[in-house]
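Here's the letter readout for the chains.
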Amino acid sequence: MKAGKNQGEPVLTLEDITFSYGGSAVLDTISLAFNPGEFTAVVGPNGCGKSTLLKVMAGLLVPARGLALLEGQPIPALSRKKLAQRMAMLAQSNEAPAGMIVSDLVGMGRFAHESWLSRGTRDDQAHIDAAMRTMAVTDLADRRVGELSGGQLQRCRMAMTLAQDANILLLDEPTNHLDLKHQYALLETARMQAAAGRAVIAVLHDLTHASLYADRIILMDGGKVVADGSPADVLTPENITAVYGITTVAKAFGRAIVHLPESAAE
Amino acid sequence: MKAGLGLVLVAMAFFLLCCLHLSAGARFSAPSLVFDALFDHDPRNYQHVVVIKQRLTRLVVAGYAGAVLAVSGLLLQKILRNDLVSPSTLGINSGAVAFVVFGIYLFGLTGAALFWPALLGGFAAVAVAFLAAGLVSKGGRDPLSLILGGAMTATLFSSATTFAISLDPDLFGNLMGWLVGDIGNFDYQPLAWLWPIGLAGIGFAFFLCRQIDLLTLGTEQAATLGADPRLVRAGTLALAIPLAISAVCVVGPIGFVGLVAPHITRLLIGETGRPALAFCTLCGAVIVIAADIAARTLLAPQLLQVGTVMALCGGIAFLVIVVATLRRRAA
């Protein structure tokens with residue numbers, strides 16, 4: 001397994017989190033802890049609560065019961081700016097005004113580190129440049145958002161998230177809109193961020209992606225955690241059947257675990 | 001276009017139009033005469049008096065109204081993430097006019113006191129527009145439904161205005177120009193006590209610009225980047241509405257500048273950052289100054305109303321923008 005597992009205290013802790021939008025519980029007494037240096041993939045069928053879980057961690061939703069703690073401090077009690085200095089999130093909605101220039105968009109990631117008197121410092125610019133190099137969008141710096149393809153915009157938004165230079169990265173379906181090459185590039189970036197000591201938590205749809213890149217997989221269903229552990233432990237045919245309701249045959253290619261429907265696996 | 005170049009160009013346009021505004025009129029004044037009137041003023045020279053009392057005052061009023069309406073429109077478009085909203089298309093102008101008319105009819109208010117009913121009317125109109133939009137949109141976030149709500153609001157308040165006027169037409173006789181949206185020779189008088197609102201409003205808009213930009217990325221993304229969306233949105237509304245009202249109190253419901261200036265800004269230099277805000281401010285001033293020049297010269301010596309000129313040109317621009325929005329969505 002990768003280095004960095006179990007190094008130090010958990011940075012993010014959820015204790016008995018219960019959340020509902022009014023009806024039945026979308027998250028049902030969930031307790032989890034996330035460590036620095038670990039790339040965690042949250043997977044599960046549509047509506048299982050994985051995006052809601054991410055929003056609770058980001059402080060966008062306040063749980064009805066339970067505690068969400070960032071390095072021991074309750075997340076809802078932190079100001080948005082303080083929170084943003086330590087935690088960045090790539091939201092799922094791929095929207096940005098068509099007239100916005102890419103370098104400005106990526107520069108938005110620095111807001112949490114700016115004060116009224118100092119912004120656009122050399123340090124800010126260094127983070128922006130580095131993030132744009134990492135996501136290979138340096139060439140797009142002067143382009144308008146409206147001229148970008150969906151995939152280019154997604155990479156620029158990821159660059160913005162990296163420019164935030166936070167120790168916790170929350171990624172909500174980060175491979176959306178990306179073609180194959182850039183899907184793998186983004187997941188590789190996420191893994192590198194974890195290797196650099198950050199806690200990376202991504203909601204992913206593709207189980208193969210999750211098994212290939214994540215250190216840890218959390219499988220959710222109906223607002224509960226069904227399984228939590230290494231890809232090999234979590235992505236078993238039994239778990240897949242229990243959660244997705246289909247019978248699969250699992251095949252391993254190196255790290256990758258591919259689940260094929262039984263009917264097509266011959 | 002780079003923001004710096006855009007700013008230089010719009011500043012040049014502003015300066016040239018100011019000069020043209022002071023020269024043009026029923027009778028053309030040579031630039032040298034304008035210069036003398038400004039810097040070597042002779043109160044007994046009738047031409048000098050015309051340049052200062054009739055043209056300079058109108059120029060200041062037109063520039064002020066254009067600038068604050070443009071900034072108000074840009075702020076509204078950004079926080080509502082809707083390119084079609086503006087003080088006029090949300091019904092703010094009509095709401096303010098209706099409340100002012102009722103303020104005059106019911107309480108006999110005059111002068112500075114009319115700012116308060118106008119402000120109340122502006123906020124009421126936004127509330128009604130949102131309510132109506134909520135009713136027609138069936139939950140979806142369609143930019144057109146808010147405009148539909150705004151149009152319904154504007155119609156509603158305009159009818160209320162007409163009703164109040166019909167109750168006592170004589171009382172509103174000298175208000176007719178203002179009701180259409182016009183720059184009169186004495187409009188600088190209310191501006192003399194309203195300008196601090198514009199100055200403070202635009203100042204705060206520059207101060208908050210970065211946070212407002214974050215909000216254009218969506219509420220959740222803005223929050224995780226470190227802004228407080230609810231606070232920023234409320235604060236921006238609390239800037240945009242008084243800004244528009246301060247113009248309506250002076251010149252009446254001049255429409256479309258708050259819609260068109262942000263679009264020109266977006267088209268030429270983008271909408272992000274303080275340079276875009278500065279560009280939009282000047283662009284709004286340029287538009288209304290140009291409209292005032294047109295109003296005074298097209299049918300000279302007869303005067304047109306600036307509101308009429310703006311409604312004609314702006315109405316066409318509004319149509320183009322709506323059609324472009326529909327096309328983009330269909331694509």
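If you're wondering where the values come from, they're calculated on a predicted model, not measured in any experiment. (Residues numbered from 1 in each chain as written. Chains lettered and ligands numbered in written order. Predicted model: local features only at pLDDT ≥ 70, side-chain atom pairs only at ≥ 80, totals over all residues.)

A. Spotlight on the overall build of chain A. Secondary structure assignment for chain A yields nine helices and twelve strands. The C-alpha atoms of chain A give 19 Å as radius of gyration, which agrees with the globular expectation for 266 residues (18 Å, within 12%). By principal-axis analysis of the C-alpha atoms, chain A measures approximately 55 × 45 × 40 Å. Taking all 266 residues of chain A together, 48% fall into the buried category. Sequence-distant contacts, at least 24 apart, represent 66% of the contacts inside chain A between residues at least 6 apart. (Helix = DSSP H or I, 4+ residues; strand = E, 2+ residues; numbered from the N terminus. Rg over C-alpha atoms; globule rule 2.2 N^0.38 Å. Buried ≥ 20, exposed ≤ 12 C-beta atoms within 10 Å, placed from the backbone. Contact = placed C-beta atoms within 7 Å.)

B. Spotlight on unusual backbone geometry. The residue A:E71 is not glycine, and still its phi comes out positive at about 45°. Position of A:E71 relative to the elements: it lies in the loop between β4 (65-70) and β5 (73-74). With 12 C-beta atoms packed within 10 Å, A:E71 lands in the exposed category. We note that B:R81 has phi near 45°; this positive angle belongs to a residue other than glycine. Here B:R81 shows up in the loop between α3 (46-79) and α4 (92-107). Classification of B:R81 by C-beta neighbours within 10 Å gives partly exposed; the count is 16.

C. Looking closely at the interface of chain B and chain A. If you look at the interface, chain B gives 19 residues, while chain A gives 22 residues. Elements represented by at least two residues in the side of chain B that touches chain A include exactly α8 (188-215) and α9 (219-225) of chain B. When residues in the side of chain B that touches chain A are grouped by element, the largest group, five residues, is from α9(B). By residue class, the composition of the side of chain B that touches chain A is five nonpolar, eight polar and six charged. (Nonpolar A, V, L, I, M, F, W, Y, C, P; charged D, E, K, R; others polar.)

D. Layout of the pairing of strand β11 (residues 248-253) of chain A. Residues and elements named next belong to chain A. Looking at chain direction, β11 and strand β12 (residues 256-261) are connected through six bridges and run antiparallel. The partner of A250 across the bridge, within β12, is H259. The loop that links β11 with its antiparallel partner β12 comprises two residues; one of these, G254, has a positive phi angle of about 60°. (Pairing = 2+ DSSP bridges.)

E. Molecular detail of helix α10 (residues 229-251) of chain B. Here α10(B) is 23 residues long and its end C-alpha atoms lie 33 Å apart, about the 33 Å a rise of 1.5 Å per residue gives. Within two residues after α10(B), B:G252 carries a phi angle of roughly 85°, on the positive side. (Expected span 1.5 Å × (residues − 1).)

F. A look at the pairing of strand β1 (residues 12-19) of chain A. Residues and elements named next belong to chain A. The pairing of β1 with strand β2 (residues 27-34) spans five bridges and is antiparallel. When the bridges of β2 are listed, I17 appears paired with I30. With five bridges joining them, β1 and β4 adopt antiparallel strand pairing. Residue pairing for β4: L14 is matched across the bridge by A68.

G. Representation of the packing of α4(B) against helix α5 (residues 115-137) of chain B in the model. Residue and element names in this part refer to chain B. As a packed pair, α4 and α5 sit with axes 7 Å apart at the nearest point and diverge in direction by 135°. In terms of their interaxial angle, α4 and α5 are classed as oblique. Of the two possible hands of crossing, α4 and α5 adopt the one that is right-handed. Residues I92, S94, G95, A96, A98, F99, V100, F102 and G103 of α4 pack against P117, A118, L120, G121, G122, A124, A125 and V126 of α5. Tallied by class, residues from the contact of α4 with α5 come to twelve nonpolar, five polar and no charged. (Axes fitted to C-alpha atoms, helices over the stretch in contact; angles between N-to-C directions. Parallel < 35°, antiparallel > 145°, perpendicular 65-115°, else oblique. Left-handed = near helix turned anticlockwise from the far one by under 90°.)

H. Representation of the packing of α8(B) against helix α12 (residues 274-297) of chain B in the model. All names here are of chain B. Following both chains from N to C, one finds α8 and α12 inclined at 155°, their axes separated by 9 Å at the closest point. In terms of axis orientation, α8 runs roughly antiparallel to α12. As for the relative orientation of α8 and α12, their crossing is right-handed in sense. Between α8, through I202, A205, F206 and C209, and α12, the contact on the second element is made entirely by R274, L277 and T281. Grouping the amino acids of the contact of α8 with α12 by side-chain chemistry returns five nonpolar, one polar and one charged.

I. Spotlight on the confidence of the model for chain B. Residue and element names in this part refer to chain B. With 98% of its residues at a pLDDT of 70 or more, chain B has an overall mean of 88. Element-level pLDDT for chain B is lowest in helix α7 (residues 176-180), with a mean of 80, against a maximum mean of 94 in α9. For this predicted complex, the interface confidence comes out at an ipTM of 0.90, alongside a pTM of 0.89. (pLDDT = per-residue confidence, 0-100.)

J. Up close: the sheet that holds β4(A). Within the open sheet, the four strands sit side by side as β2-β1-β4-β5 (chain A). Their pairing is antiparallel. The open sheet has two edge strands, β2 and β5 of chain A, and neither has a second partner.

K. Here's a closer look at the sheet that holds strand β9 (residues 216-221) of chain A. All names here are of chain A. Spatial ordering of the open sheet is given by β6-β7-β8-β3-β9-β10, a layout of six strands whose pairing is mixed. Strands with a single pairing partner mark the edges of an open sheet, and in this sheet they are β6 (87-90) and β10 (224-229). Shown here is a sheet whose adjacent strand axes are inclined to one another by a mean of 15°, direction ignored. Both strand β3 (residues 39-43) and β9 contribute to a ladder of four bridges, which runs parallel. Following the sheet pairing, A41 is matched in β9 by I217.

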